Every structure is written in structure tokens, then in C-alpha cells.
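Survey of secondary and tertiary structure
Residues per chain, in single letters:
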Amino acid sequence: VTIAQFTTLENTPPDFLILGDQAQQGHGHDYFGLGLCMLHLFTGHAPYEEILEDVVCPCNFKNELRKIWENEDEAQYSVIRSIVLADVYKDEDGHIIEGEPDEVLYDTLYKFLVLF
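Before going into details, it helps to say that this report is about the structure given with it. What you see is a predicted model, and the numbers here were worked out from it, not measured in a lab. (Residues numbered from 1 in each chain as written. Predicted model: local features only at pLDDT ≥ 70, side-chain atom pairs only at ≥ 80, totals over all residues. Heavy atoms only, no water.)

Details of the overall build of the chain
A tally of regular secondary structure across the chain gives 5 helices and 2 strands. N-terminal to C-terminal, the α/β element order of the chain is α-α-α-α-β-β-α. Referenced to the eigenvectors of the C-alpha coordinate spread, the extents of the chain come out at roughly 50 × 30 × 20 Å. The buried share among the 116 residues of the chain stands at 33%. In the chain, of all internal contacts separated by at least 6 residues, the share reaching a separation of at least 24 is 56%. Surface accessibility of the chain: about 7300 Å² in total, with carbon and sulfur atoms responsible for 56%. Positive and negative side-chain charges of the chain, numbering 6 and 22 respectively, have mean locations separated by a distance of 5 Å. (Helix = DSSP H or I, 4+ residues; strand = E, 2+ residues; numbered from the N terminus. Buried < 20%, exposed > 50% of the residue type's maximum accessible area, 1.4 Å probe, protein only. Contact = heavy atoms within 4.5 Å. Areas by Shrake-Rupley, 256 points an atom, 1.4 Å probe, with all protein chains shown as cover. Lys, Arg positive; Asp, Glu negative; His and termini not counted. Charge placed at Lys NZ, Arg CZ, Asp CG, Glu CD.)

Some words on the packing of helix 3 (residues 59–69) against helix 5 (residues 104–115)
It is the contact of helix 3 with helix 5, at a shortest axis distance of 11 Å, that shows an interaxial angle of 120 degrees. Looking at the two axes, helix 3 sits oblique to helix 5. Where helix 3 crosses over helix 5, the two elements pack in a sense that is right-handed. Contacts from Phe61, Lys62, Leu65, Arg66 and Trp69 of helix 3 reach helix 5 at Leu105, Tyr106, Asp107, Leu109, Tyr110 and Leu113. Taken together, the residues of the contact of helix 3 with helix 5 sort by class into 8 nonpolar, no polar and 3 charged. (Axes fitted to C-alpha atoms, helices over the stretch in contact; angles between N-to-C directions. Parallel < 35°, antiparallel > 145°, perpendicular 65-115°, else oblique. Left-handed = near helix turned anticlockwise from the far one by under 90°. Nonpolar A, V, L, I, M, F, W, Y, C, P; charged D, E, K, R; others polar.)

Brief notes about the nonpolar core
Judged by nonpolar contacts, the single largest core of 15 residues is most densely connected at Leu17, Leu65, Trp69, Ile80, Val84, Leu105 and Tyr106. Breaking this core down by element, the ones donating at least two residues are helix 3, helix 4 (78–84) and helix 5. Counting residues per element, this core draws most heavily on helix 4, at 4 residues. (Core = buried A, V, L, I, M, F, W, Y, C linked by side-chain atoms within 4.5 Å.)

Here we look at the environment of Cys57
Topologically, Cys57 is positioned in the loop between helix 2 (27–43) and helix 3. On a C-alpha basis, the gap between Cys57 and Gly99 in space is 20 Å, while along the polypeptide they are 42 residues apart. Setting aside anything within four residues of it in sequence, one finds Cys57 in contact with Lys62, Leu65, Tyr106, Asp107 and Tyr110.

Thoughts on the pattern of salt bridges
Counted by the stated rule, this structure contains 6 salt bridges. In this structure, Lys62 and Asp107 form a salt bridge, with 4.0 Å as the shortest nitrogen-oxygen distance. Note that Lys62 is positioned in helix 3 and Asp107 in helix 5, a separation of 45 residues in sequence. When its relative accessible area of 11% is taken as the criterion, Lys62 is described as buried. Across the salt bridge formed by Arg66 and Glu70, the nearest N and O atoms sit 2.9 Å from each other. Here Glu70 falls in the buried class, since its relative accessible area comes to 15%. (Salt bridge = Lys/Arg side-chain N within 4 Å of Asp/Glu carboxyl O.)

These figures come from the coordinates and say nothing about function on their own.
Written out as C-alpha cells, the structure reads:
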């Protein structure tokens, strides 16, 4: 999967988050997004964001995911890493000098796990 397959971060298919770059785009992913959009249109409510608005990824799980998704040596998650670290600027030694990682995908994956 490439950055072109990502849409709204909250509507990212769960297997994109689990399989990373190894995920293959298919009709099922389109149906997943379409289903979420239809639920939103028909009910007037976001499919799960409003129900799970206060649900966030626990720190220990987020730290474990961070070790995988933000690890520069982990080639399988380069697309996810580019999204999570899009607003982060590092110096030559790899230390963050500006910005913070975007935590939407961490919370999104956890919400999928809680919901399904």
C-alpha cells in the first residue's frame, strides 16, 4: 500500500495499519470506506468516532506500536511512519527539534480493536 491509498485517517482499513506496506489495495478496502461513508450519510452520525470519542490508545500499547511504526529501520511501515511523522522535524542525530507525531492512527487502530 502507498500513501495514495490512505484517505481520512480515521477511515483507514485496519489491515493497512496492521500489515503496513505489505497490505494490498483491493475492492474490500473500497467497500470498507464506502460502508463507513454510507453509515455516516444515512444516520447523520460518524460510524464510530462519536461513539468512541473518548477512547484513546492506552500508553503501553501506543508505545509498542510506536516502536514498530516510527522505527526508521522497519521498512514494512514506511507509509504509516510518513503519516505519523509528517509534522516532525529531526536534527542530524535523529532528535526531534520541532513538531509532534500525529497520534490519530494509534487511536484509530485501538478503536477498531475495541469496536470489532
